[in-house]
Protein chains: 4
Amino acid sequence: MSRARVKPEAQPADADTPTPRGRPRSGEAEEAILRTALEILDDAGYGSFSIEAVAARAGVGRPTIYRRWPSKLELAIEAVVRLTPPLKVIDSGDPLADFRHLVAALLPDITSSAAGRAIIALASDPGVHAGLARHLDERFLRPRRAVLADLLRRAAEAGQVRPGLDTELLIDLVLGAALYRWLVTGQPVNRQTAGQILDTVLGLAAPR
Amino acid sequence: MSRARVKPEAQPADADTPTPRGRPRSGEAEEAILRTALEILDDAGYGSFSIEAVAARAGVGRPTIYRRWPSKLELAIEAVVRLTPPLKVIDSGDPLADFRHLVAALLPDITSSAAGRAIIALASDPGVHAGLARHLDERFLRPRRAVLADLLRRAAEAGQVRPGLDTELLIDLVLGAALYRWLVTGQPVNRQTAGQILDTVLGLAAPR
Amino acid sequence: MSRARVKPEAQPADADTPTPRGRPRSGEAEEAILRTALEILDDAGYGSFSIEAVAARAGVGRPTIYRRWPSKLELAIEAVVRLTPPLKVIDSGDPLADFRHLVAALLPDITSSAAGRAIIALASDPGVHAGLARHLDERFLRPRRAVLADLLRRAAEAGQVRPGLDTELLIDLVLGAALYRWLVTGQPVNRQTAGQILDTVLGLAAPR
Amino acid sequence: MSRARVKPEAQPADADTPTPRGRPRSGEAEEAILRTALEILDDAGYGSFSIEAVAARAGVGRPTIYRRWPSKLELAIEAVVRLTPPLKVIDSGDPLADFRHLVAALLPDITSSAAGRAIIALASDPGVHAGLARHLDERFLRPRRAVLADLLRRAAEAGQVRPGLDTELLIDLVLGAALYRWLVTGQPVNRQTAGQILDTVLGLAAPR
DNA sequence: TTATAAACGAGACGGTACGTCCTGTCTTTTA
DNA sequence: TAAAAGACAGGACGTACCGTCTCGTTTATAA
C-alpha cells in the first residue's frame, strides 16, 4: 500500500520501486475479486470456494487472481480481513458493560459469517497453518482482541473484575466457548448464547 | 416381507433387517480403509486427504469406499470416530483431580491429532454441517463430555466446585479455550497450556 | 443334447463325461439371457451392450452368464446365431429366380438387425478375430451361403448363368456390395437396393 | 499461420470468426494425440483404444483431448482420416490398368490397417452412425472413390468396359467383396485376393 | 433318507476407463 | 507490461462395467 501510484513524473522517494511500466493493475478488478470471494464464501462455504468460480463470477482472468494471491486460502483470508468492518469502539464510562456489549455483538457476527468459516478452514491444513495464521492473527484478530483486552484491563482497574486475572486468558475463555459451541456442536451463537457465556465468565471473574 | 424362513420362533429383535443377500462386505477392507484414512489425515491433513489416495494406499478399489461412505468427509469422520480410543475413566476418590488429569491428557491429544483436524474440517462446509455434526457429536463428543460432566458433578457434590454452576458450560470454557488457542492462534496445546487453562477455570469455579 | 442322461449304470460311450452331479444348469435362465441379449443389441447396439445390463434385464446373476460365455462378444454371437431363423429354402424350379428372392429377402434382414451389427462388431478387435469368426462362420454364415451357392450352381447347370464362374465369389460380390453400402456409406439396404445389386451382378453373369 | 495479421481493411472472408482470444491450441499436442491414437489403434485395435491410454502415451492431459473431440470414436476417425495418405494418382494412358493397380494396392492397405478397423467400429453403434459416417465418408471415402470412379469412367470411354454400367456400383462390388472377405470370413485381403476379385469383376464387365 | 455337489440370485471385491472440474502455469491478443 | 481470455499438464472426482469371488439357497444325483 501507499504505492502512491501518482500519474505525473515525481517519484523521487522510492527509487527501488522504479515506477511500474506498462498497464497498471486494475483496482477495479481487485475489488471485484475480493467482493466476489466473500460472496461465494457466504453463499456456499469454503468447500465450494474455488479460484475458478471467483474468476468467472468476478469477470476476471484466473491469472489476475494468481498474480495477487498465491492460493485460494490467501485469497479467502484477504477477502475476510479487508471486507470485515472493525469493531466500533464504544466508551460509556462502564468498561465492563462496554465489554459485554461488544462481545455480545461480536460473537453472533463471527459465527454466522464467511469470515468465521474461512478462518476455521485454515486449521484443516497443518502445512498452511504457521504462516497464514500469523497473517490472519495480526491483521484480524489481534486488533479486535486488543480492544477487548483494553476494556477488561480498565474494568479490572475500576474494580469490576477480580485483580490478578490473566485478561488474555479470560478472552480466550469467552471466545473459545463460543467457538466450541458453534464449531463442534453446531449450535448457533446468538445474543442469548453470548449473554449466557458472558454471564458465567464475568460472574466467575467478579471480585468476591 | 414373508420373511418366514425362520425355522423356530427366534429373531424377535431385527425383523426389519431382512437378512442381507449376496456376498457380505469385507471387514478386512473396511478396516484397511479406515486405518489408511487416519494415517493420511495424520500425515498430511484433511487438505491432502483424497478418496483416491486412501484407495490406493489401502489396496482397495475406489467403489469399495464409495459403497460405504458417500463422501470423503463422512469417511474422515468415521475414521476418527472409530479409531480414536475412548477416555479411560479413572476414579481416585478425588473427582476434581481426576477431572484435571483427564482434561490435561485429553487436550494435547485432540489438538495434535487427525481427530481434531477432521472434526474442524466439518465446520468449513455449512451445507454439510447439520447431519454430520450430529453424528460426530453423538458418537464422539457426547460420550467423552459425559465422563467429564460426571466428574464435575461429583466434584460439586463433594464441595470442590462452587454449587450452582452450569457444568456443561464449564466444560465448554475449558475445551473452548484450548480449541481457540490451537485453531485460531496456532499455538500448540501441551500439558502446560492445558494446566494453565484448568488452573484459571477451576480457580474461578472454586468455592469461595 | 442327446446327452443321454440315463439313470442306470449305462454310459459306456462317454465315460469321460460321467454324468454331471449337482444342480443342472437352468434352460430357463439360458433362454432368458439370450433373448434379452438380442433385445439389447436391437434396441441399443453393440456399443451399449453390457453383461451387466443383460443380467439385470434378464433377472439373472452375472456369474450365470459368465458360466456359459467367456465374454460379451461370445454371448452376442451366440444370441445372434441361436435366435436368427434359418433361410427358408424354396424350390420353384427356377433356381436363379429362387436365388434372387432369397437374397432380396436376406439382405434387408441382415442389414437392419442386431445380427448384422453383432457380426460386424467382431471385426473391431483383432485379437478376437480368429477363433470367434470361425465360430460365427460355421454356425451362421456357412449354412446360409451353402443354400445360396447350391442355387447358383443349379442355375449354372440350367444355363441361367455363364459357366466357369466362381460361384463363391459371385456371392461375395452380392453380399459384399450390400455390406459396403450399409456399413460404410450408411445407406439402408432395402429390397430396391438389393434388387439393383442383383440386377447388375446377375446381368453381368448372364450367358452371352 | 502467418495469416498476415494486417491492420487495414483485409479479412474479407472470415469476418464472423473474430480472431480467437486467449492462448491458441497447441498444434504439437494435437499432432501427438493423433499420432498416438493411430499407434494404439494399430497395436491393439479399437477395443483396447481408450482416451486414457492416448493421453498417457502422448504426454497430454485428458481434457486436452476432450477439448477437441467429444468421444473416442471421433478421435479415432480423425486420426485415421488425417494420417492416412491419399491415393497416389497415376495415369499411364491405360485407365483400366491404372484402376487395377490402384485397387490392388488399396485393398491390402485398408484391410490390414488401423484405418480399416476404425472405420468398421463405427458400424457397431447405430446412434453414432448418422453424423460420423457422413464425416468419414466425405473426408476419407469420397475422395478415394472419386479417383477410382474417374478411372472407370475413362475406361468406359476408351471401350475397355462395357458401356452403360453403373460405375459406382462396380466400385461397390469390388470394395464390398474385399470388405466381406476381410470382415466376415476373416481372410486377409492380399494382392492375390485383390487380383482375383478384380479379374472376376472386370472380366464380367468387359465388353462382349 | 441323507449327503454331497453344483448351479442359482445377489452383491461385494480390486480394477480400469469414463467424462467433468479444478489447480496452478503458460501463451496470445488487446489496451 | 498488465489485463482478459483461454489452452496447457496434471490429478481427483463420482459413476459404470469389468470379470472374479463369496454368500445363503435351491435342486439335483449318489450313498
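Keep in mind that what you see is a predicted model, and the values were worked out from it rather than measured.

Quick word on the side chain of Thr64(C)
All names here are of chain C.
Part 1 of the argument: Along the polypeptide, Thr 64 turns up in helix H3 (residues 62-66).
Part 2 of the argument: Relative accessible area serves as the criterion here: at 19%, Thr 64 is assigned to the buried category.
Part 3 of the argument: Once residues within four sequence positions are removed from consideration, Thr 64 is found in contact with Ala 29 and Ile 33.

Looking at the relation of the copies chain C and chain D
Part 1 of the argument: Expressed as a screw transformation, the operator carrying chain C onto chain D has a rotation angle of 180° and an axial translation of 0.1 Å, and the superposed copies differ by an RMSD of 0.2 Å. Look at the turn and shift together and you get a two-fold axis relating the two. Rotation axis and chain C: the residue whose C-alpha lies nearest the axis is Gly176(C), separated from it by 2.0 Å.

Focus on the interface of chain C and chain D
Part 1 of the argument: Facing the 40 residues of chain C at the interface are 40 residues of chain D.
Part 2 of the argument: Both sides together, the interface formed by chain C and chain D hides about 3,700 Å², and carbon and sulfur atoms give 67% of it.
Part 3 of the argument: On the chain C side of the interface with chain D, the three residues burying the most area are Leu173(C), Tyr180(C) and Leu204(C), jointly 18% of the side's total.
Part 4 of the argument: Our count for the contact surface shared by chain C and chain D stands at 2 salt bridges.
Part 5 of the argument: One salt bridge connects Arg181(D) with Asp172(C), and the closest N-O pair in it is separated by 2.5 Å.
Part 6 of the argument: The tally of links between chain C and chain D comes to 4 residue pairs in polar contact (both at pLDDT 80 or more).
Part 7 of the argument: Elements with a contribution of two residues or more to the side of chain C that touches chain D: helix H6 (114-121), helix H7 (126-157), helix H8 (167-185) and helix H9 (191-205) of chain C.
Part 8 of the argument: In terms of residue count, H8(C) provides more of the side of chain C that touches chain D than any other element does, 13 residues in total.
Part 9 of the argument: In terms of residue class, the side of chain C that touches chain D is made up of 23 nonpolar, 9 polar and 8 charged.

Observations regarding the protein's contact with DNA strand E
Part 1 of the argument: Contacts to DNA strand E come from 44 residues, most closely from Thr64(B), Arg67(B), Arg67(C), Glu52(D) and Tyr66(D).
Part 2 of the argument: Within 4 Å of the protein, the contacting atoms of DNA strand E are 65% sugar and phosphate, with bases supplying the remainder.
Part 3 of the argument: Separating a base nitrogen of DNA strand E from a side-chain N or O atom of Arg62(D) is a distance of 2.8 Å.
Part 4 of the argument: At the level of elements, helix H2 (51-58) and helix H3 (62-66) of chain A, helix H3 (62-66) of chain B, H3 of chain C together with helix H2 (51-58) and helix H3 (62-66) of chain D are the ones that each hand at least two residues to the surface near DNA strand E.
Part 5 of the argument: Within the surface near DNA strand E, the residues separate by chemical class into 12 nonpolar, 13 polar and 19 charged.

A few points about the packing of helix H1 (residues 27-44) of chain A against H2(A)
In a packed pair of helices, the relevant descriptors are the angle between the two axes and the axis-to-axis distance.
Residues and elements named next belong to chain A.
Part 1 of the argument: One can describe the packing of H1 onto H2 by two numbers: an axis separation of 9 Å at closest approach and a directional angle of 120°. In terms of orientation, H1 and H2 fall into the oblique class. Here H1 and H2 pass one another in a crossing that is right-handed. Two secondary-structure elements touch here, H1 through Ala 32, Ile 33, Thr 36, Ala 37, Glu 39, Ile 40 and Asp 43 and H2 through Ala 53, Val 54, Arg 57 and Ala 58.
Part 2 of the argument: Here the contact of H1 with H2 is composed, by residue class, of 7 nonpolar, 1 polar and 3 charged.

Quick word on the relation of the copies chain A and chain B
Part 1 of the argument: Least-squares fitting of chain A to chain B yields an RMSD of 0.2 Å, with the superposition described by an axial translation of 0.0 Å and a rotation of 179°.
Part 2 of the argument: A high fraction, 98%, of the interface residues of chain A reappear at the interface in chain B, so the copies pair face to face through one surface.

Some thoughts on the pattern of salt bridges
Part 1 of the argument: Per the counting criterion, the structure on display carries 57 salt bridges over all chains.
Part 2 of the argument: Residue Glu157(B) pairs with Arg153(B) through a salt bridge whose shortest N-O separation is 2.8 Å. Here the residue Glu157(B) and the residue Arg153(B) both occupy positions in helix H7 (residues 126-157), the gap between them amounting to 4 residues, near one helical turn.
Part 3 of the argument: Of the residues examined, Glu157(B) reaches a relative accessible area of 59% and is grouped as exposed.
Part 4 of the argument: One network of salt bridges, in which partners are shared, links Asp91(A), Asp150(A), Arg153(A), Arg154(A) and Glu157(A).

Focus on the confidence of the model for chain A
Any region with low pLDDT has predicted coordinates that should not be read closely.
Part 1 of the argument: Confidence in the prediction for chain A averages 79 pLDDT; 79% of positions are at 70 or higher.
Part 2 of the argument: Note on residues 1-21 of chain A: pLDDT is under 50 here. Beyond four places in sequence and across chains, it has 3 contacts.

Considering the interface of chain A and chain B
Where interface size is quoted, it is often the accessible area lost as the parts come together.
Part 1 of the argument: Across the contact, 40 residues belong to chain A and 40 residues belong to chain B.
Part 2 of the argument: Both sides together, the interface formed by chain A and chain B hides about 3,700 Å², and carbon and sulfur atoms give 66% of it.
Part 3 of the argument: Run the count over chain A and chain B and you get 2 salt bridges.
Part 4 of the argument: Where chain A meets chain B, there are 4 residue pairs in polar contact (both at pLDDT 80 or more).
Part 5 of the argument: For the side of chain A that touches chain B, the elements supplying multiple residues, two or more each, are helix H6 (114-122), helix H7 (126-157), helix H8 (167-185) and helix H9 (191-205) of chain A.
Part 6 of the argument: Per-element tally for the side of chain A that touches chain B: the top contributor is H8(A), with 13 residues.
Part 7 of the argument: In the side of chain A that touches chain B, the residues fall into 23 nonpolar, 9 polar and 8 charged.

Criteria and thresholds
- Residues numbered from 1 in each chain as written.
- Chains lettered and ligands numbered in written order.
- Predicted model: local features only at pLDDT ≥ 70, side-chain atom pairs only at ≥ 80, totals over all residues.
- Heavy atoms only, no water.
- Helix = DSSP H or I, 4+ residues; strand = E, 2+ residues; numbered from the N terminus.
- Buried < 20%, exposed > 50% of the residue type's maximum accessible area, 1.4 Å probe, protein only.
- Contact = heavy atoms within 4.5 Å.
- Least-squares fit on C-alpha atoms with pLDDT ≥ 70 in both.
- Buried area = accessible area lost by both parts, 1.4 Å probe.
- Salt bridge = Lys/Arg side-chain N within 4 Å of Asp/Glu carboxyl O.
- Polar contact = N/O pair within 3.5 Å; in protein donor to acceptor, adjacent residues only side chain to side chain.
- Nonpolar A, V, L, I, M, F, W, Y, C, P; charged D, E, K, R; others polar.
- Near = heavy atom within 4 Å.
- Axes fitted to C-alpha atoms, helices over the stretch in contact; angles between N-to-C directions.
- Parallel < 35°, antiparallel > 145°, perpendicular 65-115°, else oblique.
- Left-handed = near helix turned anticlockwise from the far one by under 90°.
- pLDDT = per-residue confidence, 0-100.

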